[in-house]
Amino acid sequence: MGKIYFIFLSLFYFSVSAQEFGGVYPLRLNDASNPCLTPAQYKTLELQIADAQLKFGLTSSNQKNMTVPFSWPLKTANYMSDCNYYYIANYLDQDPTSPGIKDYNCGSVTYDGHAGTDIALLPYPIYKMDNNQALIIAAAAGTISAKVDGNFDKNCASNTLTPNYVAVMHSDGSNSIYLHMKKNSLTVKSIGQTVTQGEYLGSVGSSGSSTGPHLHFEVWAGNTAATLRDPWAGACNSLNVSTWWASQKPYTEPAIIKAQINNIAPVLPACPATETINEDTCFVGGGNARFYYYIRNETAGYVANLRIIQPGNTTFSAWTHSSTTNYLAAYWYNIKAMPTTPGTYTFEAIYNSITCNRTFTIGCVPAGINELNYTEQIQVLPNPNNGEFFVSGSQIGTKIEVFNILGSLIFSSITDTEREKINLSQQNAGIYFVKFSFGGKTITKKVLKE
Ligand SMILES: [Zn+2]
């Protein structure tokens, strides 16, 4: 009997442990052999800033103390529903020796000679880039001192391609530099025009020497790369004495930044192909589904608390994930039995005391459409257009929303006809996103108003 009991425990143990899958998120990061900027590109940037100074009567200084506090240089579009969207792939390299590396916190989150902070998108970076979910904004008010647009923006490797970028000179003569922007996403303002703190500068892309969508944020006290500053205050920052952030974020920010539920696994193809998220929020009930959670700065010793909350706010099922390895970015999933009682449920994921939720519906009848077929079925015509266009093929009850390039909602309706007219004639010319939500699926189409 004792032996049978032992076997039963073993099977139980294996069946539990086998239900957790995942590991490091498949990322490619810039490194010493894939630097964010070439020496020639630094030279061009210096000349551009010096030229703008002369032309617009700006003055640079070389101060070590922050006088113009910076706010975070990214924000999300308001249709981005993930709990968070970024991780820091690289800080500045504070070690002058080669190949030695050391970030401001005396850690190794950098590569040899790196001169900026690389803020990368996570998860689904190409999808986020395609849909303009992460927007680059001015860290402080100032005057545009350099700007380049129109270059290829889906690079996956190190090379000498030219990045799209904006630099802003602040009132103390310092410059903040924003690199790798998405092609044709840059502010319409030109060199010499002023921007306010938080003003839109562009969308995150992968232009220039870049292995994936990220913002390279660099700070110069003056008008040359030799006046480089590290905005992060820490024991190993020898470039300046204090933080340049109005409110400096912690060195690491462990958190679950997206929780999602899938019938079919997400597809993460090699760069630059767009990821397929395959997220579901509408389930008939019963059977199993995959519960995914994406962790930024996964830290050994931390525990993720996962739970399905049922109507009435009680627990349907709960489990944990124990972190045993440090990862900049990781993903995990568990296969879990789905409830059968109809209602609204929540997948709750807590890590480092931060909660990330995703609600889903049981008893929801999926529209019997597959996302791909539905995408083909919906038509936006004419496109490009003069501001008036029709959407056809969407199911009755589909929510149609139109967002501008800055992510602001400018039109919303629930369609009661299969052919709906949308009028944007009062809006500026440019790119708009028409988002269709139906049966737990969302589809976004791009529209150009000429
Ligand atoms: Zn960089």
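Draft legend 1. Focus on the sheet that holds strand E23 (residues 399-404). The sheet built from 4 strands is open, its strands ordered E24-E23-E26-E27 with antiparallel pairing. The open sheet has two edge strands with one neighbour each: strand E24 (409-414) and strand E27 (441-449). Direction aside, the axes of adjacent strands within the sheet are offset by 20° on average. Sheet topology note: the E23/strand E26 (residues 430-438) ladder contains 6 bridges and is antiparallel. For Asn404, the partnering residue across the bridge sits in E26 and is Tyr432.

Draft legend 2. Main features of the environment of Val365. In this structure, Val365 sits in the loop between strand E20 (354-362) and helix H4 (371-377). According to the C-beta neighbour criterion, Val365 is exposed, with 10 such atoms within 10 Å. Through-space distance from the C-alpha of Val365 to that of Gly285 is 9.3 Å; in sequence the pair is 80 residues apart.

Draft legend 3. Summary view of the sheet that holds strand E5 (residues 134-137). If you walk across this open sheet you meet the 3 strands as E2-E5-E10, and the pairing is antiparallel. Each edge of the open sheet is held by one strand with a lone partner, namely strand E2 (74-76) and strand E10 (200-203). Across the sheet, the axes of successive neighbouring strands diverge by a mean angle of 35°, strand direction being ignored. Across 3 bridges, E2 lies against E5 in antiparallel orientation. Bridged to Leu74 within E5 is Ile136.

Draft legend 4. How the structure looks around the nonpolar core. Grouped together as the largest cluster of nonpolar side chains are 86 residues, with contacts concentrated most on Leu122, Tyr178, Ile256 and Tyr293. Here this core spans two domains, and each of domain 1 (39-229) and domain 2 (255-362) adds at least three residues to it. When near neighbours in sequence (up to four residues on either side) are disregarded, Ile256 contacts Cys83, Tyr293, Tyr294, Ile295, Ala304, Ala349, Tyr351, Ile354 and Cys356. Among the nonpolar cores identified, the runner-up in size contains 10 residues, and Phe389, Val402, Leu424 and Val434 belong to it.

Draft legend 5. Layout of the domain arrangement of the chain. When the domains of the chain are assigned, the result is domain 1 (39-229), domain 2 (255-362) and domain 3 (371-449). Distance from the C-alpha centre of domain 1 to the C-alpha centre of domain 3: 32 Å. In this assembly, 7 residues from domain 1 lie in contact with 8 residues from domain 3. Residue classes in the side of domain 1 that touches domain 3 are distributed as 4 nonpolar, 3 polar and no charged.

Draft legend 6. Helix H2 (residues 39-56), seen in detail. Helix length check: H2 (18 residues) gives 26 Å between terminal C-alpha atoms against 26 Å at 1.5 Å per residue, within 8%. Looking only at H2, the buried set comprises Gln41, Leu45, Ile49 and Ala52. For H2, the angular spread of the buried residues around the axis is 70°, confining them to a single face. Turned more than 90 degrees from where H2 packs its buried face, Pro39, Ala40, Lys43, Leu47 and Leu54 sit exposed. Trailing H2 by a residue or two, Gly57 shows a phi angle of about 65°, which is positive.

Draft legend 7. View of unusual backbone geometry. In the segment running from Cys271 into Pro272, the intervening peptide bond is cis, with an omega of 10°. Relative to the helices and strands, Pro272 is located in the loop between strand E13 (255-262) and strand E14 (282-283). Residues other than glycine seldom take positive phi values, yet Asn184 does so here, at roughly 60°. For Asn352, which is not glycine, the phi dihedral falls at a positive 55°. On the secondary structure map, Asn352 appears in the loop between strand E19 (343-351) and E20.

Draft legend 8. Main features of the confidence of the model for the chain. A residue-level look at the chain finds 91% of positions with pLDDT of 70 or above and a mean pLDDT of 88. With pLDDT under 50 throughout, residues 1-18 is counted as low confidence; its partners more than four residues away or in other chains account for 0 contacts. In the predicted structure, residues 368-373 sits below a pLDDT of 50 and forms 4 contacts with residues beyond four places in sequence or in another chain.

Draft legend 9. Just the environment of His321, in detail. Looking at where His321 falls in the secondary structure, it is placed in strand E17 (residues 314-322). When the C-alpha positions of His321 and Val303 are compared, they lie 5.6 Å apart, and in sequence the two are 18 residues distant.

Draft legend 10. Representation of the pairing of strand E11 (residues 214-220) in the model. When you tally the buried positions in E11, you get 7 out of 7 residues, the bulk of the element. Side chains His214, His216, Glu218 and Trp220 project from E11 onto one buried face, and the interleaved Leu215, Phe217 and Val219 project onto a second face that is buried too. Bridge count between strand E4 (residues 117-121) and E11: 4 bridges; the pairing is antiparallel. Bridge pairing in E11 links Asp118 to His216. In the sheet, strand E8 (residues 175-179) pairs with E11 via 5 bridges, with the strands oriented antiparallel. Within E11, the residue paired with Asn175 across the bridge is Trp220. In terms of strand pairing, E11 meets strand E12 (residues 228-229) through 2 bridges, oriented antiparallel.

What counts and how
- Residues numbered from 1 in each chain as written.
- Predicted model: local features only at pLDDT ≥ 70, side-chain atom pairs only at ≥ 80, totals over all residues.
- Pairing = 2+ DSSP bridges.
- Helix = DSSP H or I, 4+ residues; strand = E, 2+ residues; numbered from the N terminus.
- Axes fitted to C-alpha atoms, helices over the stretch in contact; angles between N-to-C directions.
- Buried ≥ 20, exposed ≤ 12 C-beta atoms within 10 Å, placed from the backbone.
- Core = buried A, V, L, I, M, F, W, Y, C linked by C-beta atoms within 7 Å.
- Domains from an automatic or database assignment.
- Contact = placed C-beta atoms within 7 Å.
- Nonpolar A, V, L, I, M, F, W, Y, C, P; charged D, E, K, R; others polar.
- Expected span 1.5 Å × (residues − 1).
- Arc of directions from axis to C-beta.
- pLDDT = per-residue confidence, 0-100.

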